[in-house]
Structures are given as C-alpha cells and as structure tokens.
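Coordinate analysis (summary)
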Amino acid sequence: MPHYRSVGEVPRKRHTQFRQPDGRLYAEELMGEEGFSSDSALLYHRELPTRIVNAVASGLDDAGLAAPEVLLPRHLMTGKLPTGGDLVTGRHVLMGNSTVRISYVAAVADSPLYRDSDGDLLVYVESGTGRLESVFGSLDIGPGDYVVVPTGTTHRWVVADGPLRALVVEARGHVTLPSQYLGRHGQVLEQSPYCERDFRAPTAPLLVDDAAETDVLVRRRGRFTTYTYASHPFDVVGWDGCLYPYALSIHDFEPVTGRLHQPPPVHQTFAGPGFVICSFVPRLLDYHPEAVPVPYNHSNVDSDEVLFYVGGDFTSRAGSGVGHGSITLHPGGFVHGPQPGSVERALGKASTDELAVMIDTFAPLDLAPGVAEVDDPGYPWTWAR
C-alpha cells in the first residue's frame, strides 16, 4: 500500500531496545519487498519468529495446467464445482500461466495457518462472510471485498457465514495499485476511482496466547513445506510500515463514464506481474444521443480476458447462458464482442447494474484438467445463433 500505518505498540525509534513487561526484548521482524528497497513493515514479536522445531515436505503444488488443443472462448459455471474444504487447500485451480494462477473456492471450514512465499494473494469474495487473521491483526471480509495479502504473510481464513465463495488470484510477484493513480510520493490522486479512505486494514494486533507447537503450511517454488514453530506466530504486539494486508470493496470503486463508450483501462483496479484487474460496477451508460452503450467487437491481440460475473445484468452477454457465478475466458486470437441482439437492446438505456471482475493477462492462459467438467460446450457458438 502507498501509505503508512502504525498498529499496536511500537517504540519511538526503530531498531532500538523495546522491552516486554518481564524485561525481555521484543523480537523485530522486518518484512521487505525487492531486497528491502521497496515497501516494508516492521513487526514486534513476543517470541523469536525464527523458532522452527520441525519441517516436512507436504507435497507438490501442481495443477496440471496445459495449453488447450483448440482455441475457443470458454464459459465456466462455478456453481458446478464442489463446495467444501477451506480457502487454502480447497481451491479449484481453473487456469494460469507463469505469472498468475486463477482458482475458485466455496469454503466451509477455517483454513490452516498458511504463508505463500511465491507471490501476493488477491481474493475476491463473491458471497459469505469471514475473517482474515494474520500476524498483522484481523480483517472482517464480506461480499464484494477484494482482499490483498502480501507475499510471506502468515495468515488463515476463518469462515463466519458460509460457504465463503471466492475467486482466488495467486500472483508470482506483487499486486499493486496502478501507477497512473499514484502521485510521485505514493498518494492516491484525485482522478483515481478510489482513495485511501476506501481501504481497510487491521487496526489492532491479534494476540494468540498459545505456547504450544504450531504448524504453518508454506508454499515456495511450487512445493509445500509444513513448518512447526515452538509457539503460535500470532504474537505480534505492534507493527508499522507500508506493507500489510488490506481490503477494498468493489462497491467503493467509482466508475468513469463518458458521452461515448469508455475502454476497459478506465475500470482498472489493481496491477500485477503480467496482468491487470478491473471492476465493472453499476454506472451511467454513454450519454451521447447516438451512443452505442455496449462494447464494440474487439480482438485480444496481446492478452487473454477473464470475466467473473457477480451481480446485475451483464447486457452484452444476454442470451449466452452466462449468469451470476459464471467465468468467461476470451483468449487472444479470438475476436469477441456483444452477443447478437445486445447492441439493439442497449440503445437508449441510461444505466447498467452489472457487477463483474475482469482479469486481463499478457501471456496466454493454460487450463486445468477440471475445467472440462464445468465448461459450457455451447458457449463458443452463441454468436452464430
């Protein structure tokens, strides 16, 4: 995040003696990106965060991704995926490439303690409520929330009212705010679709008083390792810095509108390594008297386009079978656009209530074997009806 926060107890000067009530020093942990030359956070632990007492291999993280044999648009129906498990181990991987992986989950159980050391995690909550607990504190989450968890953050997902249905985006790198929204010193600019007031982050430490040995599942280089720590890692009494988990509600994204149809970059919400995330929210439609207020046919020359439909009526997909919970993939090399009849039906409309999350990747997406079980085989031919 571009702005500084201080939570809990921290000393006036960093890297100085900071003692517990019993006289022992608190243990510092500096989490820093890009070799400590970018965003960082300084956390103060009651116990050493390095006290591992065991480590065991816990399997490979291989989703079996492969390039599709036939280049076709896809319509994936997430409602057909099994419900169950937790938000870490219960994910159904759908697609991915070398920089990003996209999964869906309908979690009913609390997750184990987990740390992704391959990249940042972005979770979009479709429905259900829960809580992200981490070394930084806790954060309540619910429908419409984007939740960003920095690389290397020990955390767990707690289900309050489930199933907790979510789209999970695993980056091989860092998820950031788009550079065009930020001033040279990191402040969110006036012309941005959100501001600092819209972001939520932990406001108090989450102290778990547990001296028992505790397991943490860690992902690194496509492999899982289970570390056993001498005590629970949620023993942070305070932290400060510009690196921490945070949430942004899609309902706080302020859309940009115009007299004529606006291109997808005006909907951009986040940037990642080799991909962007956009939010399509209820908004006024184009108000030129002769405007065509739905997207024009277009070719994805340099990207694959993924859309997750989560609310309202997505006018341009009418008649395609796409509904709430659907995910479409329009790959590069395929010319796509509104379904037949959508343009005429949209003429004269003043507004739209659509709600969707879009992920554009700048390298082709491979598919997981399980995609075939939830794919709509008739979707590619709906433009010819």
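Here, the structure is the one placed above.
Residues numbered from 1 in each chain as written. Predicted model: local features only at pLDDT ≥ 70, side-chain atom pairs only at ≥ 80, totals over all residues. Heavy atoms only, no water.

This next bit is on the pattern of salt bridges. Oppositely charged side chains are able to pair whenever their charged atoms sit close together. What the rule picks out here adds up to 15 salt bridges. Residues D61 and R219 are paired through a salt bridge, measuring 2.6 Å at the closest nitrogen-oxygen approach. In this pair, D61 is assigned in the loop between β4 (52–60) and β5 (74–77) and R219 in strand β14 (residues 214–220), connecting sequence segments 158 residues apart. Residue classification places D61 among the buried residues on the basis of a relative accessible area of 19%. Residue classification places R219 among the buried residues on the basis of a relative accessible area of 5%. Connected through salt bridges with shared partners, the residues D61, R91, R101, D116, E170 and R219 form a single ionic network. (Salt bridge = Lys/Arg side-chain N within 4 Å of Asp/Glu carboxyl O. Helix = DSSP H or I, 4+ residues; strand = E, 2+ residues; numbered from the N terminus. Buried < 20%, exposed > 50% of the residue type's maximum accessible area, 1.4 Å probe, protein only.)

This part is about the side chain of D86. Assignment of secondary structure puts D86 in the loop between β5 and β6 (92–96). Within the local environment of D86, its side chain forms a polar contact with the side chain of T89, the two groups lying 2.6 Å apart. Beyond its immediate sequence surroundings of up to four residues, D86 is in contact with R91, V105, A107, A109, D110, S111 and P112. (Polar contact = N/O pair within 3.5 Å; in protein donor to acceptor, adjacent residues only side chain to side chain. Contact = heavy atoms within 4.5 Å.)

Counting buried positions along strand β18 (residues 268–272) yields 5 of 5 residues, so the element is predominantly enclosed. Here β18 pairs with strand β19 (residues 275–280) via 4 bridges, running antiparallel. What sits directly across from Q268, in β19, is C278. Linking two consecutive strands that pair antiparallel, namely β18 and β19, is a turn of 2 residues; a positive phi of about 80° is found at G274 within it. (Pairing = 2+ DSSP bridges.)

We now examine the sheet that holds β19. To summarise the sheet geometry, strands pair through backbone hydrogen bonds and adopt either a parallel or an antiparallel arrangement. On the basis of which strands lie adjacent, the open sheet formed by 6 strands has the order β5-β23-β22-β26-β19-β18 and antiparallel pairing. Of all the strands in the sheet, just β5 and β18 have a single pairing partner and so form its edges. Across the sheet, the mean angle separating the axes of adjacent strands is 15° when strand polarity is ignored. Sheet topology note: the β5/strand β23 (residues 326–330) ladder contains 4 bridges and is antiparallel. By the bridge assignment for β23, H75 is matched with T328. (Axes fitted to C-alpha atoms, helices over the stretch in contact; angles between N-to-C directions.)

A word on the packing of aromatic side chains. Overall, the coordinates contain 17 aromatic pairs when judged by the stated rule. Look at W239 and Y244: their rings are 5.4 Å apart centre to centre, the planes differ by 40°, and that puts the pair in the tilted class. For the pair formed by W239 and Y244, the shared burial category is buried. A network of ring pairs unites the aromatic residues Y104, Y124, Y146, F270 and F308 as a single cluster. (Phe/Tyr/Trp six-rings, centres within 6.5 Å; stacked < 30°, edge-to-face > 60°.)

Mapped onto the elements, P295 comes out in the loop between β20 (283–284) and β21 (298–299). C-alpha of P295 to C-alpha of A201: the two residues are 94 residues apart in sequence and 35 Å apart in space.

Now for the side chain of S303. Inspection of the secondary structure assignment puts S303 in the loop between β21 and β22 (304–311). Classification of S303 by relative accessible area gives buried; the value is 13%. When sequence neighbours within four positions are dropped, the list of residues in contact with S303 reads P331, G332, D360, T361 and F362.

Pairing in this open sheet of 4 strands is antiparallel, and the strands run β1-β16-β3-β2 from one edge to the other. The outermost strands of the open sheet, each flanked by one partner alone, are β1 (5–8) and β2 (27–32). The mean inter-strand angle of the sheet, taken between neighbouring strand axes irrespective of direction, is 15°. Relative to strand β3 (residues 40–45), β2 runs antiparallel, the two sharing 6 bridges. If you follow G32 over to β3, its bridge partner there is S40.

Here we take up unusual backbone geometry. Residue G162 is joined to P163 through a cis peptide bond whose omega torsion reads 0°. Position of P163 among the secondary structure elements: in strand β12 (residues 155–171). Unusually for a residue other than glycine, E34 sits at a positive phi of about 55°. Structurally, E34 is set in the loop between β2 and β3. By relative accessible area, E34 is classed as exposed at 55%.

With that out of the way, let us pick up the pairing of β6. For β6 and strand β7 (residues 100–107), the ladder comprises 4 bridges, and the chain directions are antiparallel. Note that in β7 the partner of V93 across the bridge is S103. For β6 and strand β27 (residues 366–367), the ladder comprises 2 bridges, and the chain directions are antiparallel. Counted as the bridge partner of M95 is L367 from β27.

With respect to the secondary-structure elements, P178 resides in the loop between β12 and β13 (199–200). With 93 residues separating them in the primary sequence, P178 and A271 have C-alpha atoms 5.4 Å apart. With near-sequence residues (within four places) excluded, P178 lies in contact with Y194, Q268, T269, F270 and A271.

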